[in-house]
Amino acid sequence: MDKYQAYKVFVSVSEKLSFSKAAEALNLPNASVSTIIQDLESTLGVRLLERTTRRVSLTPEGSNFLERCKQMINDVDEAESMFRNEPTQIKGKIRVEMSVGAASLVIPLLPEFFEKYPDLEVELSSRDYFVDLMREGIDCALRSGGSKEPELIEKEIGEIVCVNCASPAYINRYGKPKHLDDLKNHRLVLYTHTFGSKSHGFEYFDGEKSRIIKMKTAIAVNSITSYSEACRAGLGLAQLPLIGARKAFKDGTLIEVLPKFRPEPYKLKLIYHERRLLSHRVRIFMDWLEKVLKERLR
């Protein structure tokens, strides 16, 4: 049995959840795909896939083996491309993690990357909470703020400037705050990872340290998308990244308030696990991401 081919067939069937679709994608007869999977399961001594007349699904053992197979295939692709210098010869898959807000900035830029590296594939995981890079099989992540985490290597690529925002509808109702004392008559959209947690309030940097002013809140949200939309809906003030708010300022859907009392900027970092050896393709992606984001953070 050709193990490398068997792994590729297993990954294709697992991703498509179909023997026939995998056979079509791999240009193989349906019977060959079925036989390869059966031989692989026999060699491993476990059942990887559950088959019925209607559907195909992964067993728990199959789910665990799938991630290892993907990594092995990527390792082989990486080994084969070690001595290739042309961008069009670099192949393989890159698994990246970043917040939903960061993904909304990066995704529109990806066509430029794929034009130069057409045979690379990106799996982009977007969540508003941190994940375990090793356990999730993530090659690199884009993160902001926070202190250095154990076993993670960080590369700082710039600072995220945040601005105080309000919608025209909010200002029409509550007025535009001009001084910090005015905030006692205003509301804040609360962004939190845990509902029921204590509100941090309005944050500003006085030149030496960050300070907090307690404010009333009407709504609490746990995603950056909802946070921005709640501000646009006039539900309160929000402190949003300038890199994402510029367009809203330009089209008039948001207005900056209290520009002299912005929060302290926070660091934007590319990170990867110290035990994960960075492949050539991952370094290429990280270098590209650092370049395009630095251009936009100015």
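Residues numbered from 1 in each chain as written. Predicted model: local features only at pLDDT ≥ 70, side-chain atom pairs only at ≥ 80, totals over all residues. Heavy atoms only, no water.

Re the pairing of strand β10 (residues 210-213)
Part 1: Strand direction decides the pairing type here: strand β9 (residues 202-205) and β10, joined by 4 bridges, are antiparallel. Within β10, the residue paired with Phe205 across the bridge is Ser210.
Part 2: Between the antiparallel neighbours β9 and β10 lie 4 residues, among them Gly207 with a positive phi of about 100°. (Pairing = 2+ DSSP bridges. Helix = DSSP H or I, 4+ residues; strand = E, 2+ residues; numbered from the N terminus.)

Notes on the nonpolar core
Part 1: Met98, Phe113, Leu142, Phe285, Trp288, Leu289 and Leu293 are the most contacted members of the largest nonpolar core, which has 30 residues in total.
Part 2: Only β3 (92-98), α5 (100-106), α6 (110-116), β4 (120-126), β5 (140-144), β6 (152-160), β14 (266-273) and α11 (280-297) provide two or more residues apiece to this core.
Part 3: Residues Phe10, Ala22, Ile37 and Phe65 belong to the second largest nonpolar core, which totals 20 residues. (Core = buried A, V, L, I, M, F, W, Y, C linked by side-chain atoms within 4.5 Å. Buried < 20%, exposed > 50% of the residue type's maximum accessible area, 1.4 Å probe, protein only.)

Some details on helix α1 (residues 3-16)
Part 1: Spanning 14 residues, α1 covers 20 Å between terminal C-alpha atoms, matching the ideal 20 Å at 1.5 Å per step.
Part 2: Considered for burial, the residues of α1 that qualify are Ala6, Tyr7, Val9, Phe10, Val11, Ser12, Val13 and Ser14.
Part 3: Between the side-chain oxygen at the start of α1 and the backbone nitrogen of Tyr4 there is a gap of 3.1 Å, and the oxygen is on Asp2. (Expected span 1.5 Å × (residues − 1). Polar contact = N/O pair within 3.5 Å; in protein donor to acceptor, adjacent residues only side chain to side chain.)

Regarding the packing of aromatic side chains
Ring pairs (aromatic) are described by centroid distance and by the angle formed between their planes.
Part 1: For the coordinates displayed, the defined rule picks out 10 aromatic pairs.
Part 2: Residues Phe113 and Phe285 carry aromatic rings whose centres are separated by 5.3 Å and whose planes lie at 90° to one another, so their mutual orientation is edge-to-face. With Phe113 in helix α6 and Phe285 in helix α11, this pair connects stretches of sequence that are 172 residues apart. For the pair formed by Phe113 and Phe285, the shared burial category is buried.
Part 3: On the numbers, 5.7 Å between centres and 40° between planes, the contact of Phe285 with Trp288 is tilted. Placement of the pair is Phe285 and Trp288 together in helix α11, with a separation of 3 residues, close to one helical turn. Trp288 matches Phe285 in its accessibility class, with the two residues each being buried.
Part 4: Joined through ring pairs, the aromatic side chains of Phe113, Phe114, Tyr117, Phe285 and Trp288 make up one cluster. (Phe/Tyr/Trp six-rings, centres within 6.5 Å; stacked < 30°, edge-to-face > 60°.)

Thoughts on the confidence of the model for the chain
Part 1: On average, the chain scores 86 in pLDDT, and the residues at 70 or more come to 91%.
Part 2: Across the chain, element-level confidence peaks in strand β13 (residues 255-256) with a mean pLDDT of 97 and bottoms out in helix α7 (residues 133-136) with 75. (pLDDT = per-residue confidence, 0-100.)

Notes on helix α2 (residues 19-26)
Part 1: Buried residues of α2: Phe19, Ala22 and Ala23, and no others. In a view along the axis of α2, the buried residues occupy a sector of 100°, so they form one face of it. The outward face of α2, more than 90 degrees from its buried face, is lined by the exposed residues Lys21 and Glu24. (Arc of directions from axis to C-beta.)

A short note on the sheet that holds β6
Part 1: With mixed pairing, 5 strands are arranged side by side in an open sheet as β4-β3-β5-β14-β6. Among the strands making up the open sheet, the edge pair consists of β4 and β6. The sheet shows a mean angle of 20° between the axes of neighbouring strands, taken without regard to direction.
Part 2: The pairing of β5 with β14 spans 4 bridges and is classified as antiparallel. Paired with Ala141 across the two strands is Ile271, which belongs to β14.
Part 3: Along the sheet, α11 contacts β3, β4, β5, β6 and β14; its crossing angle with β6, the most-contacted strand, is approximately 20°. (Axes fitted to C-alpha atoms, helices over the stretch in contact; angles between N-to-C directions. Contact = heavy atoms within 4.5 Å.)

What to know about the side chain of Ser18
Part 1: For Ser18, the position within the fold is in the loop between α1 and α2.
Part 2: The exposure class assigned to Ser18 is buried, which follows from its relative accessible area of 12%.
Part 3: Within polar-contact distance, the side chain of Ser18 engages the backbone nitrogen of Lys21 at 3.1 Å.
Part 4: Other than its neighbours up to four places away in sequence, Ser18 contacts Val13 and Val56.

What to know about the state of the cysteines
Two cysteines, two sulfur atoms, one covalent bond between them: this is a disulfide.
Part 1: In this structure the tally under the stated criterion is 0 disulfides.
Part 2: Cys162 carries a free sulfur, and the closest cysteine sulfur to it, the one in Cys165, is 8.8 Å from it.
Part 3: Classification of Cys162 as buried rests on a relative accessible area of 5%. (Disulfide = S-S within 2.5 Å.)

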